[in-house]
Amino acid sequence: MGIRFIKIAGVYFVLAVILGLVMGIIQNFAFTSVHAHLNLLGWVSMALFGLIYSVYKRAGETTLAKAHFWLHNIGLPIMQGTLFVELLTGNTSLTIGIIIGSLIVVLGVLLFVLNLFLSLKEV
Ligand code: HEM
Ligand code: HEM
């Protein structure tokens, strides 16, 4: 799980800094929240998940880690993709998509932390 998380984190980093750069150039900050969360849930959190699963290999090999991987990688694009389209079109009926995506990410985070408590042992 570690390497996969780190590679995907890199992809989010590229997307997030390009969005930040475009926002700065055109002086339009409507998408600040998308930029912030692509960076923080995409780049920073996923890089941390990847590093933690690489250092604590046992934690990275569990079913909880696999479930966490898929929940984060399904929930985050739903959450941020829907937010992006809602901000672009002003269609507030899309908010339900942001909520569903966020709940999936939060469920993944709960499994991640549960996994840490179950798998990590003092060295
Ligand atoms: C070349 C890289 C980057 C560029 C060009 C960039 C650009 C921007 C811009 C234009 C804003 C909006 C500022 C405003 O609303 O006044 C912003 C906000 C923000 N950026 Fe970036 N950014 C970059 C990298 C990052 C990285 C690496 C992170 C996090 C790891 C990050 C986190 C944030 C956050 C959290 C905000 C919102 C701050 C707030 O709410 O006031 N940015 N960025
Ligand atoms: C499922 C997880 C998360 C949800 C549902 C969530 C939700 C939100 C919401 C609703 C806002 C206010 C947005 C606005 O005012 O436009 C916000 C802002 C912010 N969040 Fe999160 N957040 C999550 C995870 C995180 C994480 C993991 C970090 C940091 C590591 C973070 C950092 C921030 C920052 C810096 C801001 C202010 C920047 C901005 O969007 O203007 N969030 N978040």
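Because the structure is a prediction, the values reported are computed rather than measured.

*Asks:* Even after reading the chapter, I still don't get the environment of Ala65, so can you show me in this structure?
*Replies:* Counting through the fold element by element, Ala65 comes out in helix H4 (residues 63-89). Spatially, the C-alpha atom of Ala65 lies 31 Å from that of Gly20, the residues being 45 residues apart in sequence. Beyond its immediate stretch of four places on either side in the chain, Ala65 contacts Met1, Tyr53, Ala59, Gly60 and Asn115.

*Asks:* Please clarify how the site of ligand 2 should be interpreted in this entry.
*Replies:* Ser33, His37, Leu40, Leu41, Met79, Ser102, Val105 and Val106 make up every residue found near ligand 2. Within the side chain of His37, one N or O atom sits 2.9 Å away from a nitrogen atom of ligand 2. Listing elements by their share of the shell around ligand 2, those giving two or more residues are helix H2 (32-55) and helix H5 (95-119). No other element matches the four residues that H2 contributes to the shell around ligand 2. Class assignment for the residues of the shell around ligand 2 results in five nonpolar, three polar and no charged.

About the thresholds
The residue numbering used here restarts from 1 in each chain and proceeds along that chain's sequence as written. Lettering of chains starts at A and numbering of ligands starts at 1, both following the order in which they are written. Per-residue local features are limited, in this predicted model, to residues with pLDDT of at least 70; the limit for side-chain atom pairs, both in listing and counting, is 80 or more; totals at the level of whole chains, interfaces and linings are taken over all residues. For the side-chain quantities, the full set of heavy atoms in the structure was used; hydrogens and water were omitted. Numbered from the N terminus, helices here are DSSP runs of H or I no shorter than four residues, and strands are runs of E no shorter than two. Every residue pair with non-hydrogen atoms within 4.5 Å of one another is taken to be in contact. For this purpose, a residue is taken to be near a molecule or strand whenever a single non-hydrogen atom of the residue falls within 4 Å of it. Here a polar contact is recorded for every N or O atom pair within 3.5 Å, except that within protein the pair must consist of a potential hydrogen donor and a potential acceptor, and residues adjacent in sequence are included only if both atoms are side-chain atoms. The classification used treats Ala, Val, Leu, Ile, Met, Phe, Trp, Tyr, Cys and Pro as nonpolar, Asp, Glu, Lys and Arg as charged, and all other residues, Gly among them, as polar.

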